[in-house]
Amino acid sequence: MHELGIVQSILEIIEEQLKIHEGERVVKVQLEFGAMTAVMPEAIEFAFQALTREGPVAGATLDIIILPIKGVCLDCGHQVELDSYTPFCPACVDGMLNIFQGKDEMRIVSIEIE
Ligand SMILES: [Zn+2]
């Protein structure tokens, strides 16, 4: 389950931030993933709950945003939002899409510390 590894590295960053800001506990964490990372929000949530039963992050709210796949056709300029990845433009069929969102994004949007 690669979500467990993702959550572990996220928690390392959170702990660093806690130290830097001399916070006592984390109230809320907001994460963002591109749809093509195939990250399962339920698995992230599960791993997060399992790894934060104790300590300064226990009980923090987890907010997970999945960015939809968006691309622009290099041929006709059509902008599309895709449910699943395809390299071809649905409008002109053989145009190649330049995917500019929803690809491999994986980031912490915000950490609320008290
Ligand atoms: Zn096109």
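Up top is the structure these notes are about.
Quantities reported herein were computed from a predicted structural model and do not represent experimental measurements.

S.K.: Break down the overall build of the protein chain for me, with residues and values.
M.R.: Within the protein chain one finds two helices and six strands. The order of α-helices and β-strands along the protein chain, N terminus first, is α-β-α-β-β-β-β-β. Relative to a compact globule of 114 residues, whose C-alpha radius of gyration would be 13 Å, the protein chain shows 18 Å and is clearly more extended. Each principal axis of the C-alpha atoms in the protein chain carries an extent, and together these give about 55 × 25 × 15 Å. Nonlocal contacts in the protein chain, meaning residues at least 24 apart in sequence, comprise 69% of its contacts between residues at least 6 apart.

S.K.: Tell me about the packing of helix α1 (residues 2-20) against helix α2 (residues 41-51), and please be specific about residues and values.
M.R.: Running from N to C, α1 and α2 cross one another at 55°; their axes reach a closest spacing of 9 Å. Classified by the angle between their axes, α1 and α2 sit oblique to one another. For the pair α1 and α2, the crossing hand works out as right-handed. Of the residues in α2, those touching α1 at Glu3, Leu4, Ile6, Val7, Gln8 and Leu11 are Ala43, Ile44, Ala47, Phe48 and Leu51. Residue composition of the contact of α1 with α2, by class: nine nonpolar, one polar and one charged.

S.K.: Break down the sheet that holds strand β1 (residues 26-34) for me, citing the residues and quoting the values.
M.R.: Taken together, the three strands give an open sheet; going across it, the order is β2-β1-β6, and neighbouring strands pair in mixed fashion. For this open sheet the edge positions go to β2 (61-67) and β6 (106-113), each flanked by a neighbour on one side alone. Taken over all neighbouring pairs, the strand axes of this sheet differ in orientation by 15° on average, direction set aside. Of the pairings in the sheet, the one linking β1 to β6 comprises seven bridges and is antiparallel in character. Paired with lysine 28 across the bridge in β6 is glutamate 112.

S.K.: Go over the nonpolar core with me, naming the residues and quoting the values.
M.R.: Counting 12 residues, the largest nonpolar core is built from Val7, Ile10, Ile14, Val26, Val29, Leu31, Phe33, Ala47, Phe48, Val57, Ala60 and Ile111. Where this core is concerned, the elements lending two or more residues are α1, β1 and α2. Ranked by residues supplied to this core, first place goes to β1 with four residues. With residues up to four places along the chain from it excluded, the contact list for valine 7 reads Ile44, Ala47, Phe48 and Leu51.

Rules behind the numbers
- Per chain, residues are indexed from 1 in the order of the written sequence.
- Where local features are concerned, this predicted model is filtered to residues with pLDDT of at least 70; where side-chain atom pairs are given and counted, the filter is 80 or more; whole-chain, interface and lining totals use all residues.
- Going along the chain from the N terminus, every DSSP run of H or I of four or more residues is numbered as a helix, and every run of E of two or more is numbered as a strand.
- The globule rule used for comparison is 2.2 Å times the number of residues to the exponent 0.38, while the radius of gyration itself is calculated over C-alpha atoms.
- What counts as a contact here is a pair of residues whose C-beta atoms, placed from the backbone, lie within 7 Å.
- Orientation is described by axes fitted as lines to C-alpha atoms, over the contacting stretch for helices, and by angles from 0 to 180 degrees between their N-to-C directions.
- Geometric relationships in this document are graded by angle, where less than 35 degrees denotes roughly parallel, more than 145 denotes roughly antiparallel, 65 to 115 denotes roughly perpendicular, and other angles denote oblique.
- If you view the pair so one helix is near and one far, a crossing is left-handed when the near helix is turned anticlockwise from the far one by less than a right angle, and right-handed when it is turned clockwise.
- Residue polarity follows a fixed list, in which Ala, Val, Leu, Ile, Met, Phe, Trp, Tyr, Cys and Pro are nonpolar, Asp, Glu, Lys and Arg are charged, and the others, Gly among them, are polar.
- Criterion used throughout: strands pair if DSSP finds at least two bridges between them.
- Linking buried Ala, Val, Leu, Ile, Met, Phe, Trp, Tyr and Cys residues through C-beta atoms within 7 Å yields a set, and such a set is a nonpolar core.
- Here a residue counts as buried when 20 or more other C-beta atoms fall within 10 Å of its C-beta, as exposed when 12 or fewer do, and as partly exposed in between; the C-beta atoms come from the backbone.

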